[in-house]
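The chain contents come next:
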Amino acid sequence: MSDSTDEVRSYTLRLELVDEPGELLRALEPIANNGGNLLSIFHERGNVTPRGHIPVEVDLEATPERFEAIVDAVRDAGINVIQAGAERYSETLTVVLSGHLINTDLSDTLSRIQESTNATVTDLSLSAPEGTEDASSARIRLATEQGAADGVMETVRALAAEKDLRVIEPLAAGGDL
């Protein structure tokens, strides 16, 4: 009987790349260097993530041990890994933040949500009717792993408190407004 950790499995890596020559190659080299076998690459150059980067989805085969090394090597190369593994983001929630979003650096807020929760921003709508000096609001749709919505909301609440923003939450965890 073979050890299940030696079995080759299929995995998906969802990455965010800066739109510069050589970035795709820089993201793929750690996969090859760590024994991953590429199955497909979906490069959405005409699309951009909320942070203005290019989303790339890479399907590959590797043993679980090699896959962990691949993910670490991709991150070590400075590539933002949005999702790694066989399980896709399966839960979404929508929140509204209001207050001085521009002055408190909306980009920083979004980055910190994504970095500290492993959630990803899938949609953003900003309204600043009086310009950047007055209060504005943003509707943010987040995708996260099943069962992680409570942790995401704790992070959103903490950031909102730190930046003196108001949070309008979904009625139930994982729900939409």
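Please refer to the structure placed before this passage.
How each quantity is defined
- Residues numbered from 1 in each chain as written.
- Predicted model: local features only at pLDDT ≥ 70, side-chain atom pairs only at ≥ 80, totals over all residues.
- Heavy atoms only, no water.
- Helix = DSSP H or I, 4+ residues; strand = E, 2+ residues; numbered from the N terminus.
- Expected span 1.5 Å × (residues − 1).
- Buried < 20%, exposed > 50% of the residue type's maximum accessible area, 1.4 Å probe, protein only.
- Arc of directions from axis to C-beta.
- Contact = heavy atoms within 4.5 Å.
- Pairing = 2+ DSSP bridges.
- Axes fitted to C-alpha atoms, helices over the stretch in contact; angles between N-to-C directions.
- Patch = residues over 30% accessible without salt bridge, like charges linked within 9 Å, V, L, I, M, F, W, Y side chains within 5 Å.
- Areas by Shrake-Rupley, 256 points an atom, 1.4 Å probe, with all protein chains shown as cover.
- Salt bridge = Lys/Arg side-chain N within 4 Å of Asp/Glu carboxyl O.
- Lys, Arg positive; Asp, Glu negative; His and termini not counted.
- Charge placed at Lys NZ, Arg CZ, Asp CG, Glu CD.
- 1 Å grid on protein atoms, 1.4 Å probe; cavity = no way out; pocket = protein on both sides within 12 Å on 5 of 7 lines; lining within 4 Å.
- Points joined across faces, edges and corners; volume = space filled by probe spheres on them.
- Nonpolar A, V, L, I, M, F, W, Y, C, P; charged D, E, K, R; others polar.
- Left-handed = near helix turned anticlockwise from the far one by under 90°.

K.L.:
Explain helix H4 (residues 149-162) residue by residue, including any values.
P.N.:
For H4, spanning 14 residues, the distance from its first C-alpha to its last is 20 Å, which sits close to the expected 20 Å at 1.5 Å a residue. Those residues of H4 that sit buried are Ala 149, Val 152, Met 153, Thr 155, Val 156, Leu 159 and Ala 160. The buried residues of H4 occupy an angular sector of 160° when projected down its axis, which confines them to one face. Away from its buried face, by an angle of more than 90 degrees, H4 presents the exposed residues Asp 150, Glu 154, Ala 161 and Glu 162. Where the residues of H4 are buried, they touch strand S5 (91-99), helix H3 (106-117), strand S7 (136-144) and strand S8 (166-168). Of the residues one or two after H4, Asp 164 is the one with positive phi, at around 55°.

K.L.:
I'd love a proper account of H3, names of residues and values included.
P.N.:
If you check H3, its first and last C-alpha atoms are 17 Å apart, about what 12 residues at 1.5 Å a residue would give, namely 16 Å. Residues of H3 that are buried include every one of Leu 106, Thr 109, Leu 110, Ser 111, Ile 113, Gln 114 and Thr 117, and no others. Packing partners of the buried residues in H3 comprise S5, strand S6 (120-127), S7 and H4. With its phi angle positive at about 65°, Asn 118 sits one or two positions after the end of H3.

K.L.:
Which residues make up the side chain of Ser 98, and what values do they have?
P.N.:
By the secondary structure assignment, Ser 98 is in strand S5. Filtering out sequence-adjacent residues up to four positions away, Ser 98 remains in contact with Ser 136, Ser 137, Leu 165 and Arg 166.

K.L.:
Which residues make up unusual backbone geometry, and what are the values?
P.N.:
One non-glycine residue, Asp 105, lies in positive phi territory at about 65°. By the secondary structure assignment, Asp 105 is in the loop between S5 and H3. The backbone of Asp 164 sits at a positive phi, close to 55°, despite the residue not being glycine. With respect to the helices, strands and loops of the structure, Asp 164 is situated in the loop between H4 and S8.

K.L.:
Could you give an account of the sheet that holds S8, naming the residues involved and the relevant values?
P.N.:
Backbone hydrogen bonds are what pair the strands of a sheet, in a parallel or an antiparallel way. On the basis of which strands lie adjacent, the open sheet formed by 4 strands has the order S6-S7-S5-S8 and antiparallel pairing. In this open sheet, the two edge strands, each paired with only one partner strand, are S6 and S8. Strand-to-strand twist across the sheet, computed as the mean angle between neighbouring axes with direction ignored, equals 25°. Across 9 bridges, the pairing between S5 and S7 is antiparallel. Directly across from Leu 97, in S7, lies its bridge partner Ala 138.

K.L.:
Talk me through a negative patch on the surface; I want residue IDs and the actual numbers.
P.N.:
A grouping of Asp 6, Glu 7, Glu 65, Glu 68, Asp 72 and Asp 76 is seen on the molecular surface, where their side chains present a negatively charged patch. The residue Asp 76 is located in helix H2 (residues 64-76) in this model.

K.L.:
I'd like a description of the layout of surface pockets, backed by residues and values.
P.N.:
By volume, the second largest pocket is sized at about 180 Å³. In this structure, the second largest pocket is lined by 13 residues; those nearest its centre are Asn 80, Val 81, Gln 114, Glu 115 and Asn 118. For the lining of the second largest pocket, the secondary structure elements donating two or more residues are strand S4 (80-85) and H3. Broken down by element, the residue count for the lining of the second largest pocket peaks at 3 residues, all from S4. Classifying every residue of the lining of the second largest pocket by side-chain character gives 5 nonpolar, 4 polar and 4 charged.

K.L.:
So what's going on with the packing of H3 against H4? Which residues, and what values?
P.N.:
H4 packs onto H3 with a crossing angle of 145° between their chain directions and a minimal axis gap of 10 Å. As for how H3 packs across H4, the hand of that crossing is right-handed. Residues Thr 109, Arg 112, Ile 113, Ser 116 and Thr 117 of H3 lie in contact with H4, whose contacting residues are Gly 151, Val 152, Thr 155, Val 156, Leu 159 and Glu 162.

Any functional reading would require information beyond the geometric quantities listed.
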